[in-house]
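Chains, contacts and geometry: an overview
Listed below are the residues making up each chain.
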Amino acid sequence: DDSSNTKNIPMDRKESPVVRGVSDTVVGVLGGGQLGKMLCQAASRMAVKVMVLDPLADCPAGSVAFRHVVGSFDDGDTVESFAKRCGVLTVEIEHVDAVTLERLERQGVDCQPKASTIQIIQASFFPSILYDKYLQKLHFSQHGIPLADFMQVDDIESVKKAGDMFGYPLMIKSKKLAYDGRGNAVAHSQEEIPSAVSALGGYGRGLYVEKWAPFVKELSVIVARGRDNSMSCYPVVETIHKDNICHIVEAPANVTEKVKNLSIDIAKKAVDSLEGAGVFAVELFLTSDGQVLLNEVAPRPHNSGHHTIESCYTSQYEQHVRAVLGLPLGDPSMKVPAAIMYNILGEDEGEPGFYLANQLMKRALSIPGASIHWYGKPVTPRVAIIMGSDSDLPVMKDAAIVLDSFGVPYEVSIV
Ligand code: ATP
Ligand code: MG
Ligand code: MG
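Residues numbered from 1 in each chain as written. Chains lettered and ligands numbered in written order. Predicted model: local features only at pLDDT ≥ 70, side-chain atom pairs only at ≥ 80, totals over all residues.

Under the annotation held in an unreviewed UniProt entry, the protein chain carries the name phosphoribosylaminoimidazole carboxylase and is attributed to Acorus calamus. Recorded in UniProt under Pathway (unreviewed entry), the annotation for the protein chain is "Purine metabolism; IMP biosynthesis via de novo pathway; 5-amino-1-(5-phospho-D-ribosyl)imidazole-4-carboxylate from 5-amino-1-(5-phospho-D-ribosyl)imidazole (carboxylase route): step 1/1." Here is the UniProt Sequence similarities (unreviewed entry) comment for the protein chain, exactly as written: "In the C-terminal section; belongs to the AIR carboxylase family. Class I subfamily." (UniProt positions renumbered as here; feature names shortened; annotations may be inferred.)

Things to note about unusual backbone geometry
The omega torsion across Tyr 168 and Pro 169 is -5°, close enough to zero to call that bond cis. Looking at the secondary structure, you find Pro 169 in the loop between helix H7 (156-166) and strand S6 (170-174). Cis peptide bonds are those with omega within 30 degrees of zero, and the linkage from Ala 251 to Pro 252 qualifies with -5°. Looking at the secondary structure, you find Pro 252 in the loop between strand S12 (245-251) and helix H9 (257-272). Here the phi dihedral of Asn 229 falls at roughly 70°; this positive angle occurs in a residue that is not glycine. (Helix = DSSP H or I, 4+ residues; strand = E, 2+ residues; numbered from the N terminus.)

Side note on the nonpolar core
Ranked by internal contacts, the top residues of the largest apolar core, which has 85 residues, are Val 27, Leu 39, Val 50 and Val 282. Grouped together as the second largest cluster of nonpolar side chains are 15 residues, Tyr 134, Ala 162, Ala 187 and Leu 200 included. (Core = buried A, V, L, I, M, F, W, Y, C linked by C-beta atoms within 7 Å. Buried ≥ 20, exposed ≤ 12 C-beta atoms within 10 Å, placed from the backbone.)

Concerning the UniProt feature "domain: ATP-grasp" (unreviewed entry) in the protein chain
Following the UniProt record, the feature "domain: ATP-grasp" (unreviewed entry) maps to residues 137-325 here. Secondary structure across residues 137-325 comprises 29% helix and 33% strand; the distance between its end C-alpha atoms is 29 Å.

Looking at the site of ligand 1
Every one of the 18 residues lining ligand 1 counts as a neighbour, but Ala 148, Met 171, Gly 181, Glu 210 and Ala 213 are closest to it. For the shell around ligand 1, a count of residues per class yields six nonpolar, six polar and six charged. (Near = placed C-beta within 6 Å. Nonpolar A, V, L, I, M, F, W, Y, C, P; charged D, E, K, R; others polar.)

Concerning helix H3 (residues 76-83)
Within the span of H3, buried status applies to Val 79, Phe 82 and Ala 83. Here the buried residues of H3 occupy an arc of 95° about the axis, which is enough to place them on one side. (Arc of directions from axis to C-beta.)

Things to note about the pairing of S12
Pairing of strand S11 (residues 237-242) with S12, which is carried by five bridges, proceeds in the antiparallel orientation. Residue pairing across strands places Ile 240 opposite Ile 248, the latter belonging to S12. Linking S11 back to S12 in an antiparallel pair, the connection comprises two residues, with Asp 243 at a positive phi of about 50°. (Pairing = 2+ DSSP bridges.)

Re the sheet that holds S6
Overall, antiparallel pairing links the four strands, which are arranged S5-S8-S6-S7 in an open sheet. One side of each edge strand has no neighbouring strand; the edge strands of this open sheet are strand S5 (150-153) and strand S7 (184-187). Between one strand axis and the next, the sheet turns through 30° on average, direction left out of account. Inspection of the sheet shows S6 paired to S7 by four bridges, in the antiparallel sense. Its bridge partner being in S7, Lys 173 is matched across the sheet by Asn 184. (Axes fitted to C-alpha atoms, helices over the stretch in contact; angles between N-to-C directions.)

See the structure below:
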């Protein structure tokens, strides 16, 4: 009798379509860099299929994605045909064609986070596109989020005026093409304005200036938001940059509870002003008088959250997948008291760089509790080393030893 096996199964279960895994929805990701790679790795554990769109045939995510479509994420037609093959569309880079995203969204494509969020955040590659990084500044200031004072500038007179108002050093930023600090130039005095402006490609590129944020630490908070609008925050971390690239991350940040709470409040408020599901990284400045200012937001997983792969119950990558699919959010808390991420930035391209990175990785592998993540960038070697420990002091001491052997003086500053 056939029915005997199924008679105790509730009707809704019997009639539900079979889902092979936690979700049948194919997640489409614009961009196939290291963030996309780590996202694919997390998704694969849950049998979630991730398709990535990236122009590089040997992009980092290519080898681990369910499918890699070779194509440009800033080309409207390519993004459109890619989107039609996916159940939900998300990003691992914000410099995508946001105009197309908005159009696709109107046609019913499920973009998470929403196209409006990408538009507010992006520093577009395209001169023809209206959206840029200055819009992000305007947006957050209109939402009452504390920022360094800023002002749009169109000519030398307006920069001088800003310098008189904000003082020096003065941070000059390009509205577009801004990542890894490539859109930033500092004028230490009025005399340096012309050289800083020309380093950014001139006024025609679209510039604004920011008052110098006299920070004692840079902090980052990753906030996850589910499709039901539930929010969940990762512990506040400290980020240390080298040549404008995130180099060392200490988790948790060695700051007071008050600063942690303030940072989380600002991060949540910033994310609350944006639409859609996913993880968002909120970059912050901590000043000597205990003020916290927002620097910028990345609407996606972030380098400051690599450590979560090893140190948290649910990594930022798994959390992003859960969020965009509408699955329950996981626990963002740390399962070790402290962790550190050290990013080897291959200064040398090609063989010498790869040789050095290889030697450093082997050294890192000899440290108990250390994990390595090879980004898989085709030209420039990059690797993240993540260390966690049973107590915060040993991990910081181990980190100090490793970093010292890498020629990076690193002080153990845990109290
Ligand atoms: P990312 O790769 O993080 O997207 P980006 O090119 O968008 O970088 P920002 O994050 O705006 O650049 O700035 C890079 C770094 O420059 C910051 O992490 C900080 O160290 C420094 N910086 C930026 N703005 C200011 C400021 N107003 N005052 C002082 N330092 C600043
Ligand atoms: Mg940026
Ligand atoms: Mg930044």
